[in-house]
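An overview of the molecular structure
The residues making up each chain are set out below.
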Amino acid sequence: MNESMRAVVVEAPGGPEVLAVRTVPRPRASNDQVLIRVKAFGLNRSELHFRNGLAYSGSFPRIPGIEATGVVEEAPGGQFLPGQQVMTMMGGMGREFDGGYAEFVRVPAAQVIPFRSELPWEVVGAVPEMLQTAYGSLAIGVRAGDGDSLLIRGGTSSVGLALAVLAKQRGMQVLSTTRSESRRPLLESVGVDHVLIDDGDISERVRDIIPDGVDGAVELVGVNVMRDTLRSVRSGGVVCFTGMLSDQWTIPDFYPMDWLPNGVRLTSYSGEAADLPPRVLQEFLDAVAAGEARIPVGRTYAMDDIAQAHRDLEANVVGGKGVVLP
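A few points on the structure. Quick caveat: nothing in here was measured; it's all calculated off a predicted structure.

**Considerations on the packing of aromatic side chains**
Within this structure, the stated rule accounts for three aromatic pairs. Between the aromatic rings of Phe41 and Tyr101, the centroid separation amounts to 4.6 Å while the plane-to-plane angle is 20 degrees, which identifies the pairing as stacked. Taken together, the residues Phe41 in strand 3 (residues 33-42) and Tyr101 in the loop between strand 5 (85-89) and strand 6 (104-108) connect sequence positions 60 residues apart. Judged by centre distance (4.6 Å) and plane angle (20 degrees), the ring pair of Phe50 and Phe60 falls under stacked. Residue Phe50 is found in helix 1 (residues 45-51), and its partner Phe60 is found in the loop between helix 1 and strand 4 (67-74); the two are separated by ten residues along the sequence. Phe50 gets classed as buried once you look at its relative accessible area, which sits at 3%. Across the ring face of Trp259, the terminal group of Arg227 is positioned such that the distance to the ring centre comes to 5.5 Å.

Here it is as structure tokens:
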């Protein structure tokens, strides 16, 4: 058995050039852990924050990566069978302990989700964090109902695209934003009903479509536009703060009476693997295989191209979820 593996290692914070592909010892799993042979891992903006030294947690040197998809290599506790298809995400991956940017990753068994699919690895590899965040934002953050109207602020992000797919599966009316007219076909391809070109002030256009305001909204851009998002939602509706594509995280001199319209509720979502039920994952993959849903894969990369992958992610040119195939 080979005791080494290839992995991306970050010794200290910096630009994409700090992502170094190295040969390192392969981890071994204990009874409460699972060793996964990584077939694909997705790219996430939070990994840019960590690499730049901006994350609120984590340490260096580290193998980054908050998610991975593959097959079970070792499960000494018997929780899973060798060769079983699984996904994992969050739980400290890529920050407190080594993450998915590797040929193998060792994670707690409690954060491993099994599935069955014949979809290509580059497709299922896009799913874990994207689907978990999108599902959690809808089910926990917004508590959306079937047939509700939903505004997705930051719609061409991977989570925004997954949100649209999930919402349309539930018969929801979806309004989604992009800053570029050229991205309209991408949003329409995942079923978005109304594409809004975002100039920072869209609430009046939302109310031209739905006069009372949408039932719910997921904020993926950040606090620089959240005040306008709040004004797009009806009284009794919910805005879920999930993402910070703009890298603006906090509100100076926050005055709730001025920011929050009467009756509009503000929540947030930043969940874990336990928030994604295996049933939801399997139903989503089955819907994709049947042509009833779409996984918005952008570009795929080899591990040796990881620095370029991060450059593309920073430049917002991936066009969906970026996936690396080790």
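Structure shown, so let's carry the discussion forward.
**Observations regarding the packing of helix 3 (residues 128-142) against helix 4 (residues 158-169)**
At a closest axis distance of 8 Å, the pairing of helix 3 and helix 4 adopts a crossing angle of 60 degrees. Viewed along their axes, helix 3 and helix 4 adopt a mutual orientation that is oblique. For the element pair helix 3 and helix 4, the recorded crossing hand is right-handed. Contacts between helix 3 and helix 4 involve Met130, Leu131, Thr133, Ala134, Tyr135, Ser137 and Leu138 from the first element and Ser158, Val159, Ala162, Leu163, Leu166 and Ala167 from the second.

**What about the environment of Leu151?**
Structurally, Leu151 can be placed in strand 8 (residues 149-153). Put simply, Leu151 and Gln173 are 22 residues apart on the chain and 8.7 Å apart in space, counted from C-alpha to C-alpha. In contact with Leu151, not counting residues within four places along its chain, are Leu175, Thr177, Leu196, Ile202, Val206, Val214, Gly216, Ala217, Val218, Thr229 and Ser232.

**Looking at the sheet that holds strand 10 (residues 194-197)**
Where strands meet in a sheet, backbone hydrogen bonds hold them as pairs that are either parallel or antiparallel. Strand order across the open sheet formed by six strands is 10-9-8-11-12-13, with parallel pairing between neighbours. A single partner strand is all that each edge strand has here, and the edge strands are strand 10 and strand 13 (265-268). Here the strands of the sheet are splayed against their neighbours by 20 degrees on average, with no regard to which way each runs. Where strand 11 (residues 214-219) meets strand 12 (residues 233-241), five bridges bridge the pair, whose relative direction is parallel. Across the sheet, Ala217 pairs through a bridge with Val239, a residue of strand 12. In the packing of helix 4 onto the sheet, the strands contacted are strand 8, strand 9 (173-178) and strand 11, and the crossing angle to strand 8 comes to about 170 degrees.

**Quick look at the side chain of Ser203**
Among the structural elements, Ser203 can be located in helix 6 (residues 203-209). Separated by 2.9 Å, the side chains of Ser203 and Asp228 make a polar contact. Those residues in contact with Ser203 that lie beyond four places of it in its chain are Asp228, Arg231 and Ser232.

Definitions and limits used
- Residues numbered from 1 in each chain as written.
- Predicted model: local features only at pLDDT ≥ 70, side-chain atom pairs only at ≥ 80, totals over all residues.
- Heavy atoms only, no water.
- Phe/Tyr/Trp six-rings, centres within 6.5 Å; stacked < 30°, edge-to-face > 60°.
- Helix = DSSP H or I, 4+ residues; strand = E, 2+ residues; numbered from the N terminus.
- Buried < 20%, exposed > 50% of the residue type's maximum accessible area, 1.4 Å probe, protein only.
- Lys NZ or Arg CZ within 6 Å of the ring centre and 35° of its normal.
- Axes fitted to C-alpha atoms, helices over the stretch in contact; angles between N-to-C directions.
- Parallel < 35°, antiparallel > 145°, perpendicular 65-115°, else oblique.
- Left-handed = near helix turned anticlockwise from the far one by under 90°.
- Contact = heavy atoms within 4.5 Å.
- Pairing = 2+ DSSP bridges.
- Polar contact = N/O pair within 3.5 Å; in protein donor to acceptor, adjacent residues only side chain to side chain.

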